[in-house]
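Per-entry structural report
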Amino acid sequence: MMLANRWWGRKKTELPAKESSSKWSGIDLRAYTMVLALLVIWAVFVFFTDGKFISARNISMLTRQMAITSILAVGMVLVIVAGHIDLSVGSVAGFTGAVAAVLQVWYHWGTMPTILATLAVGVLIGGWQAFWVAYRGVPSFIVTLSSMLVFRGGILLITKGVTVSPLTPSFKFLGEGYVSPLGSWVLATLASSIFIGFVIQARRSRTKYGLPASSLIFDIMRVGIIVTLTGVFTFTISSYEGLPIPVLLLIIITVVFTFIANNTKFGRHVYAIGGNKEAAVYSGVNLKKVNSIIFILMGALAAVAGILLTARLNAATTNAGNMFELDAIAAAILGGTSTLGGVGTIPGALLGGLIMASIDNGMSLINIDYSIQTIVKGLILVLAVAIDIASKKKN
Amino acid sequence: MSSDTEQGGFALCRHPLEREWVTMSDDILEMRNITKEFPGVRVLDGVSFCLKRGEIHALCGENGAGKSTLIKILSGIYPYGSYDGEIVLEGEVQKFRNIKESEHSGISTIYQELTLVKYMTIGENIFLGNEPLKNKFIDWNHVYSETKKALTELGLDLNPMTKVMNLGIGHQQLVEIAKARTKNTRILILDEPTAALTGGESDHLLRILDQLRKNGVTCIYISHKLNEVFKIADTITVLRDGKAVCSEPASQLTESKVISLMVGRELSQRFPKVEHFPGAKVLEVRHMTLEDPELPGKKKVDDVSFSLRQGEILGIAGLMGAGRTELAQSIFGVYAGNRSGEVYLNGEKVNIKNPRDGIEKGIVYLSEDRKRFGLVLGMSIKENIVLPNLEKITKWGIINNSKKNKEPLKYVDNLKIKTPSQEQLVGNLSGGNQQKVVIAKWLMANPKVLILDEPTRGIDVGAKYDIYLLMNQLVEQGISIIMISSELPEILGMCDRILVLNDGKLTGDFINKGIDQEMIMRKATGGLQ
């Protein structure tokens, strides 16, 4: 959460920066609409659960719940921005999670080797998809639809259809552990200072090259809001057990991938391919290479999600990760990633992930039937895409 | 900077078309005073055009003279209200809102790019969207018997159940004509019908058009190939810079007369021509032959050899489809079809397989379609400029953000790109400024050879002049430029040497001294000497 907010202001807006709105440059209307939607959703659930929804314990659970699908959503942003789709992430997360469980439970591997081997499996799976998409020109929709089946079957194959459990305590810690409240405060303070440092540095650099910097008041407000939110969040989770490890991992992954997306050649090429594939090729972008890296990274992230999933459940089950692709895709799109490619931010996907997880968690709290939950989530997906397309048309 | 440039250029009008506005019984169609404007450009300027019943009427003109626009208005692609003037068909004013309405009135257009569905049979294609029904189901017997009749009328002995993908391009074109015939077409419009055909196929098509004329079909025939025009047309209308400059019976015209009408324009545009002092050969292309990726056997470029010297501007002239763009693409490594031939850079043979190789070797290509191949419209100016040059501002895999802010700024300033900030999205810029962004990104790549394909297409006069100045500046710095252009004044005004392509072949190689537009146009139309 705390770092999630810091990049919103830097998202490239779709709308032409009109002169009149220049003092608000840096504000992304769409992101703020989503924040508003999130607040409305929260208000509704707080009302119907008599406040139980925002209890420290539930917030801790909610964020832990969101971590796994949001890690998938981070990779999904790159996939969708480049104009692809990945329907297999749920199955791949389930499969890699099963690999981890089998290695631990049946082959008694240590936690570290298990993690490394599982990540390697994720990378290999990503490489497999990359081969078909980038080098054989098979549409990603088909390749990943195939993988969705292949690895769902793979789970059954390697677990022999049974639940594999229990895992070692050190492995379980990844899914169930916490950073102590004190540690959480240290991390929050550190993150806030780094964030403030970044804002100051960015202002300096922009002023130096005569680029329009957002107004000082706006920046101070932004810093104030984010530091406050970080504080409130840290206070809340500290009054329970502390920062859940999966949430910590999610924050790290978000920061790293946001950096990759914005500050590496690969990242910029992803956006160029999604924005105009032909112009990207004419500018010397290596389509095959970039598309391959995207799917390999997605495979690695799916493996991370798989590890966390197995660790949290303390078991590998045959339907683990089922329908995670829907959550990941919906999170990315709710967070402003355009299905038409070229546009999307990773922190935005985190916001989308939080919305999806809140809906999940809230509906469970007020005992809405699972069937209705599924229907609601399905409808949200189509609604999110419809809004995206409508906003494109307006422009 | 000259502001009177272009406009002054086509004030001259040697053969104003004067007609009395009385609908004559033998006139099937009149287009009166058609004016069409796009933002900033007037593509048609009071064009009047009269079509006699049962004639083949040729429309001639340079690229961009307004032929296609006129046809798009007539066929309803540009709907009523988006242009000024009147369309009078059989004495009645028409207000076509879309293609359907114009087709309904009996006007059918056959475009250069065929619109058949490859995987359907001839019969299915001919009745597509117009399927005859019997008891609410398609009456296939009717479809195929009618198709057979239509094919026979065109002298084609084809099975109507053949899939279109199995036909040659010439036959496909005839299927399009058959399709038009079944729709009760009164006026058939053919847009460059022979561009993709071989000599034999073209002759066949012309014979069939002659046959249709005998059957009473009226035809508008657009072509660059003047020899064909004179073989088939009864009347010729020449468009120039959006005006009809001549409309006369073909018997009263000659090829050279038509050529001079097509280009007849004073070199009144101001070009900042300066004398260059070319050095050693930088680029040499030997025996370049390119096959059409879609039509095996057809050559887009046929055994073209030329060289480019350091610090010169080499112009490549030619009409649409002559193979100019393909030639440039093959040098830059983006040509899609088979190619044979060699490229030498500074005397060394280079094998450029993709733009990465080209950029690395110092050959860059500014495409004629900047929105499609040149720019990512949803990205900022800055991002577009650094896109091919990220390597230069990256250290240990991480982009140096202060360099990313600093480097593009130089080009924004130098090229006078008009924008509040380099973070403006490229999609929000005017055409001229967009083009400057493409040039900026290629300059940052530090090229030795800069290939400009229609660099001033669709941009305003001021930006054009900036680009000319820039070209001279770059040449002074030792960069060599190849400029492909359809605007002959521009080619004559800027280039040191001029190549002319016609139908894939190199037909002219001039030093730009004492030559004029007619000489180039003659080579470009493959016409008489």
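Bear in mind that the values here come from a model prediction, so they are computed numbers and not experimental data. (Residues numbered from 1 in each chain as written. Chains lettered and ligands numbered in written order. Predicted model: local features only at pLDDT ≥ 70, side-chain atom pairs only at ≥ 80, totals over all residues.)

Observations concerning the overall build of chain A
Helices and strands together make up the secondary structure of chain A, namely 15 helices and two strands. For 395 residues, the compact-globule estimate of 2.2 N^0.38 gives 21 Å, and chain A sits close to it at 21 Å. Taking the principal axes of the C-alpha coordinates as reference, chain A spans close to 65 × 55 × 40 Å. (Helix = DSSP H or I, 4+ residues; strand = E, 2+ residues; numbered from the N terminus. Rg over C-alpha atoms; globule rule 2.2 N^0.38 Å.)

Some points on the overall build of chain B
Along chain B, the regular secondary structure elements total 18 helices and 24 strands. Computed over the C-alpha atoms, the radius of gyration of chain B is 25 Å, within 12% of the 24 Å expected from 2.2 N^0.38 for a compact globule of 529 residues. Each of the three principal axes of chain B carries a C-alpha extent, and together these read 70 × 50 × 45 Å. Here chain B, with 529 residues, has 47% of them falling under the buried criterion. Sequence-distant contacts, at least 24 apart, represent 70% of the contacts inside chain B between residues at least 6 apart. (Buried ≥ 20, exposed ≤ 12 C-beta atoms within 10 Å, placed from the backbone. Contact = placed C-beta atoms within 7 Å.)

Examining the environment of Leu174(B)
Residues and elements named next belong to chain B. Along the chain, Leu 174 falls in helix α6 (residues 169-182). Along the backbone, Leu 174 and Gly 155 are 19 residues apart, and their C-alpha atoms lie at a distance of 9.8 Å. Discounting residues that sit within four places of it in the chain, Leu 174 has contacts with Leu 154, Leu 156 and Ile 208.

Some words on the nonpolar core
Generally speaking, a soluble globular protein has its nonpolar side chains buried in company with each other. The biggest cluster of nonpolar side chains holds 236 residues, and the ones touching the most others in it are Leu72(A), Met76(A), Ile451(B) and Ile482(B). The dominant element in this core, judged by the number of residues it contributes, is helix α12 (residues 287-313) of chain A, at 17 residues. Apart from the residues lying within four places of it in its own chain, the contact partners of Ile451(B) are Ala328(B), Ile331(B), Phe332(B), Val364(B), Tyr365(B), Leu366(B) and Ile482(B). (Core = buried A, V, L, I, M, F, W, Y, C linked by C-beta atoms within 7 Å.)

Points about helix α10 (residues 324-332) of chain B
Within an α-helix, residues lying three or four positions from one another point in the same direction, as the helix has 3.6 residues per turn. Residues and elements named next belong to chain B. For α10, the buried fraction is high: nine of the nine residues fall into the buried class. Restricting attention to buried positions, one finds in α10 the residues Arg 324, Thr 325, Glu 326, Leu 327, Ala 328, Gln 329, Ser 330, Ile 331 and Phe 332. Following α10 by one or two positions, Gly 333 has its phi on the positive side, about 85°.

A short note on the interface of chain B and chain A
With 31 residues of chain B at the interface, the matching set in chain A holds 24 residues. Residue assignment for the side of chain B that touches chain A shows that the elements contributing at least two residues are α11 (355-361), α12 (370-374), β20 (398-399) and α14 (401-414) of chain B. Across the side of chain B that touches chain A, the residue classes tally to 15 nonpolar, 11 polar and five charged. (Nonpolar A, V, L, I, M, F, W, Y, C, P; charged D, E, K, R; others polar.)

Some remarks on the sheet that holds strand β14 (residues 299-309) of chain B
Residues and elements named next belong to chain B. The strand order across the open sheet built from four strands is β14-β13-β16-β17, with neighbouring strands paired in antiparallel fashion. With one partner strand each, in any of the chains shown, β14 and β17 (348-350) form the two edges of the open sheet. Each strand of the sheet is rotated relative to its neighbour by a mean of 15°, with strand direction disregarded. With seven bridges joining them, strand β13 (residues 281-291) and β14 adopt antiparallel strand pairing. Across the sheet, residue Leu 283 finds its bridge partner in β14, namely Leu 308. Contacts between α10 and the sheet are confined to β13, β14 and β16 (339-345), with β13 contributing the most and set at about 115° to the helix. (Pairing = 2+ DSSP bridges. Axes fitted to C-alpha atoms, helices over the stretch in contact; angles between N-to-C directions.)

Thoughts on the sheet that holds strand β6 (residues 107-110) of chain B
Hydrogen bonds along the backbone pair up the strands of a sheet, which may run parallel or antiparallel. Residue and element names in this part refer to chain B. Ordered by their spatial adjacency, six strands build an open sheet running β6-β9-β10-β3-β11-β12, and the pairing between neighbours is mixed. Either end of the sheet is taken by a strand with one partner, and the two such strands are β6 and β12 (243-249). When the angles between neighbouring strand axes are averaged without regard to direction, this sheet yields 15°. Contacting β3 (56-60), β11 (235-240) and β12, helix α9 (residues 255-263) runs over the sheet at an angle of about 25° to β11.

Observations regarding the domain arrangement of chain B
Residue and element names in this part refer to chain B. Domain boundaries in chain B define domain 1 (1-106 + 187-193 + 217-270), domain 2 (113-185), domain 3 (272-362 + 448-457 + 479-529) and domain 4 (368-446). Contributing elements (two or more residues each) for the side of domain 1 that touches domain 3: α8 (226-232) and α9. Residue composition of the side of domain 1 that touches domain 3, grouped by class: five nonpolar, six polar and four charged. (Domains from an automatic or database assignment.)

Quick word on the packing of helix α10 (residues 265-275) of chain A against α12(A)
Residues and elements named next belong to chain A. The N-to-C vectors of α10 and α12 enclose an angle of 105°; their axes lie 10 Å apart at closest approach. Here α10 lies roughly perpendicular to α12, going by the angle between them. Together, Phe 266, His 269, Val 270 and Ile 273 of α10 and Leu 287, Val 290, Ile 293 and Ile 294 of α12 make up the contact between the two elements. When its residues are assigned to classes, the contact of α10 with α12 shows seven nonpolar, one polar and no charged. (Parallel < 35°, antiparallel > 145°, perpendicular 65-115°, else oblique.)

Points about the confidence of the model for chain B
For any part of a model where pLDDT is low, the fine detail of the predicted coordinates should not be relied upon. Residue and element names in this part refer to chain B. Residues with a pLDDT of 70 or more make up 92% of chain B, whose mean pLDDT is 85. Note on residues 1-24: pLDDT is under 50 here. Beyond four places in sequence and across chains, it has 36 contacts. Interface confidence for the predicted complex, expressed as ipTM, amounts to 0.80; the pTM equals 0.79. (pLDDT = per-residue confidence, 0-100.)

Structural notes on unusual backbone geometry
In the segment running from Ser165(A) into Pro166(A), the intervening peptide bond is cis, with an omega of -5°. Mapping Pro166(A) onto the fold places it in the loop between α5 (140-159) and α6 (169-176). Even without being a glycine, Trp396(B) presents a positive backbone phi close to 50°. Its location among the elements puts Trp396(B) in the loop between β19 (394-395) and β20. When the 5 C-beta atoms within 10 Å are taken as the criterion, Trp396(B) is described as exposed.

A short note on α6(A)
Residue and element names in this part refer to chain A. Residues Phe 171, Leu 174 and Gly 175 constitute the buried set of α6. Angular distribution of buried residues about the axis of α6 spans 90°; they occupy a single face of the element. Those residues of α6 hidden inside the fold are in contact with α3 (89-105), α4 (111-135), α9 (245-263) and α12. (Arc of directions from axis to C-beta.)

Looking at the packing of helix α2 (residues 56-81) of chain A against helix α13 (residues 324-334) of chain A
All names here are of chain A. Where α2 meets α13, the axes come as close as 8 Å, and the angle between the chain directions of the two elements is 60°. Of the possible angle classes, the one that applies to α2 and α13 is oblique. Note on packing geometry: the crossing formed by α2 with α13 is right-handed. Of the residues in α13, those touching α2 at Thr 69, Ser 70, Leu 72, Ala 73, Met 76, Val 77 and Ile 80 are Phe 324, Asp 327, Ala 328, Ile 329, Ala 331 and Ala 332. (Left-handed = near helix turned anticlockwise from the far one by under 90°.)

Let's talk about the pairing of strand β23 (residues 497-502) of chain B
Residue and element names in this part refer to chain B. The element β23 is extensively covered by neighbouring structure, given that six of its six residues are classed as buried. Because side chains alternate across β23, one face comprises the buried residues Arg 497, Leu 499 and Leu 501, and the other comprises Ile 498, Val 500 and Asn 502, equally buried. In this structure, β23 lies alongside strand β24 (residues 505-511), joined through six bridges in antiparallel fashion. Opposite Leu 501, over in β24, you have Leu 506 as the bridge partner. Taking the residues between adjacent antiparallel strands as the criterion, β23 and β24 are bridged by two residues, where Asp 503 takes a positive phi near 50°.

What to know about the environment of Ala463(B)
Residues and elements named next belong to chain B. Looking at where Ala 463 falls in the secondary structure, it is placed in helix α16 (residues 461-476). Assessed through the 21 C-beta atoms surrounding it within 10 Å, Ala 463 is described here as buried. Sequence separation between Ala 463 and Leu 415 is 48 residues; the distance between their C-alpha atoms is 9.7 Å. Not counting the four nearest positions on each side in its chain, Ala 463 is found in contact with Gly 432, Asn 433, Gln 435 and Lys 436.

A closer look at the pairing of strand β9 (residues 187-191) of chain B
Residues and elements named next belong to chain B. When you tally the buried positions in β9, you get five out of five residues, the bulk of the element. Side chains of β9 alternate between two faces, with Ile 187, Ile 189 and Asp 191 and Leu 188 and Leu 190 buried alike. Judged from the five bridges that link them, β9 and strand β10 (residues 218-222) form a sheet pairing that is parallel. Paired with Ile 189 across the two strands is Ile 220, which belongs to β10.

Considerations on the environment of Gly126(A)
Residue and element names in this part refer to chain A. Relative to the elements of secondary structure, Gly 126 occurs in helix α4. On the basis of neighbour count, Gly 126 is assigned to the buried category, with 27 C-beta atoms found within 10 Å. When the C-alpha atoms of Gly 126 and Ala 302 are compared, they prove to be 9.1 Å apart, with 176 residues separating the residues in sequence.

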